[in-house]
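Chain and residue survey
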Amino acid sequence: MMAEQMISVSGVTKTFTNNGKPTNVLDQVSFDMKKGEIVTLLGKSGCGKSTLLHIVGGFLKAEEGTVYLDNQLVQRPTKKCVTLFQQHNLLPWRSVLKNVGLGLEGENIPEDEKKVRVMDAIKLVGLEQYLHQFPHELSGGMQQRVAIARAFAMQPDVILMDEPFAALDTFNRYHLQDELLRIQTQMKTTILIVTHDIDEAVYLSDRVLIMSSHPGRIFKELEIQQTKPRDRTQGDFLYYRKKILEQFELSGTNKAPEYMI
Ligand SMILES: Nc1ncnc2c1ncn2[C@@H]1O[C@H](COP(=O)(O)OP(=O)(O)OP(=O)(O)O)[C@@H](O)[C@H]1O
Ligand SMILES: [Mg+2]
C-alpha cells in the first residue's frame, strides 16, 4: 500500500445466510482511497453498499479479504474512522451541545480542548444558536447537521457516511452537501459516502465507484475531474451524470430511471 493511501480494501467477500440459504452479497471488492479524497459508492438498493461500509468501518467481518486504514488492519471500529449511519442516532434526551460532545466523552483530552472542539464543530454546521435545543425541537436537516458536527468534533481521519442526506428535501440536501464540502476542505477529512443518488455522487466526489448487484462488485470507477464547487446545470456535470446512467444500463442488472437508481 502506498504511503499516501488512507483506505485500502482488497478482495472483500461477504456471504449472508437467510433461511439456511447462503447469498454472496459482496464478491472480491477492492478499492483504495487517498488521504483527503471524497469517494462515493453508488449502486442499486440491496447491492451491498451498507454491508461494504460496515466492513470498512470494522463493524462487520468479511469472510475473505482485508481492509487497511492508514496502514493498519481493520478488525474493529476505531476513533480514527467515524461512521455516520443512515439513522443519525442522536440521543433524544440530550441537547445539541451534549450530542455533539458524545464522541469525545471518555477520551483522554483536556476538558478545555473538548469544549473548543465541540463549539468549533457546532459553528461549522451553523448551529451555534441552538446549543440547548433537543433533537425533537430541530428540523430533520438540523438533526443531520448535529450528527455531522459530532463526527467532525472527533477529528477522525476518515468519515464513512451511509446515505447521509437521503431523507432530506432537495433544498436542505443541496445546502448540506455544500456545508460538507466546505468543512471537508477545511479539515481535509477522507470521506466515503454511500448513495443511490447520481446527482449527489457527481456533486461531491473525486471518484465514483459504481457497484453492480448479486453479487455486489465494483464494476466501474469514474474520476470526476471537474473543479469544486460544481454547477449542477453546467455541461460537464451533465456529461458525468449521463456517463454514470449509461454504466447502469451497461451493467445489465439495473434499469435506472433519471436521477435515482
Ligand atoms: N445482517 C444481514 N443478514 C442477512 N442478510 C443481510 C444482512 N444485511 C444485509 N443483508 C442482505 O445483503 C444484501 C445487501 O444489503 P445492504 O444493506 O448492504 O444493501 P444496500 O446496497 O445498502 O441497499 P440500500 O440501498 O437499500 O440501503 C441485501 O440483499 C440484504 O438483504
Ligand atoms: Mg444501505
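Residues numbered from 1 in each chain as written. Chains lettered and ligands numbered in written order. Predicted model: local features only at pLDDT ≥ 70, side-chain atom pairs only at ≥ 80, totals over all residues. Heavy atoms only, no water.

Under an unreviewed UniProt entry, the name given to the protein is NitT/TauT family transport system ATP-binding protein, and the source organism is Psychrobacillus insolitus.

Splitting the protein by domain gives domain 1 (1-80 + 157-261) and domain 2 (90-155). The gap between the C-alpha centroids of domain 1 and domain 2 is 26 Å. With 17 residues of domain 1 at the interface, the matching set in domain 2 holds 13 residues. Between domain 1 and domain 2, a total of about 1,300 Å² is buried, with carbon and sulfur atoms accounting for 68% of that surface. Its largest share of buried area at the contact with domain 2, domain 1 owes to Lys79, Ile183 and Met187, together 37% of the area lost on that side. The interface formed by domain 1 and domain 2 includes two salt bridges. Between Glu179 and Arg145 there is a salt bridge whose closest N-O contact spans 3.9 Å. Our count for the contact surface shared by domain 1 and domain 2 stands at three residue pairs in polar contact (both at pLDDT 80 or more). When residues of the side of domain 1 that touches domain 2 are assigned to their parent elements, the largest contribution, nine residues, is made by helix H5 (residues 170-187). (Domains from an automatic or database assignment. Contact = heavy atoms within 4.5 Å. Buried area = accessible area lost by both parts, 1.4 Å probe. Salt bridge = Lys/Arg side-chain N within 4 Å of Asp/Glu carboxyl O. Polar contact = N/O pair within 3.5 Å; in protein donor to acceptor, adjacent residues only side chain to side chain. Helix = DSSP H or I, 4+ residues; strand = E, 2+ residues; numbered from the N terminus.)

Take the packing of helix H4 (residues 140-153) against H5 next. For the pair H4 and H5, the least separation of the axes is 11 Å and the interaxial angle reads 15°. With respect to H5, the element H4 is oriented roughly parallel. In this structure, the crossing between H4 and H5 has a hand that is right-handed. Contacts between H4 and H5 involve Gly141, Gln144, Arg145 and Phe152 from the former and Asn172, His175, Leu176, Glu179, Leu180, Ile183 and Met187 from the latter. (Axes fitted to C-alpha atoms, helices over the stretch in contact; angles between N-to-C directions. Parallel < 35°, antiparallel > 145°, perpendicular 65-115°, else oblique. Left-handed = near helix turned anticlockwise from the far one by under 90°.)

For the rest of this paragraph, the subject is the packing of aromatic side chains. For the coordinates displayed, the defined rule picks out three aromatic pairs. Between Tyr239 and Tyr240, the ring centres sit 5.2 Å apart and the planes meet at 70°, which makes this aromatic pair edge-to-face. By relative accessible area, which is 9% here, Tyr240 ends up buried. One Lys or Arg, Arg232, reaches over the ring of Tyr174 and ends 3.5 Å from the middle of that ring. The aromatic ring of Tyr203 is capped on one face by Arg232, whose charged end is 3.7 Å from the ring centroid. (Phe/Tyr/Trp six-rings, centres within 6.5 Å; stacked < 30°, edge-to-face > 60°. Buried < 20%, exposed > 50% of the residue type's maximum accessible area, 1.4 Å probe, protein only. Lys NZ or Arg CZ within 6 Å of the ring centre and 35° of its normal.)

Now for unusual backbone geometry. Here the amide bond leading from His214 into Pro215 is cis, since omega sits at -5°, within 30 degrees of zero. Residue position: Pro215 is located in the loop between strand E9 (207-212) and strand E10 (217-223). Here Lys228 and Pro229 are connected by a cis peptide whose omega angle stands at 0°. Tracing the chain through its elements places Pro229 in the loop between E10 and helix H7 (235-250). Its identity is not glycine, yet Asn71 carries a phi of approximately 70°, on the positive side. You can see Asn71 is positioned in the loop between strand E4 (64-69) and strand E5 (72-73). Of note in this structure, Gln155 is not a glycine but carries a positive phi near 45°. Take Gln155: it is sitting in the loop between H4 and strand E7 (158-162).

Before going further, it helps to spend a moment on the pattern of salt bridges. The final tally for this structure, using the stated rule, is 15 salt bridges. A salt bridge links Lys80 to Asp157; its shortest N-O distance comes to 3.9 Å. Pair noted here: Lys80 is in the loop between E5 and strand E6 (81-84) and Asp157 is in the loop between H4 and E7, with a separation of 77 residues, a long-range link. According to the relative accessible area criterion, Lys80 is partly exposed, its value standing at 29%. Exposure remark for Asp157: the relative accessible area of 28% places this residue in the partly exposed category.

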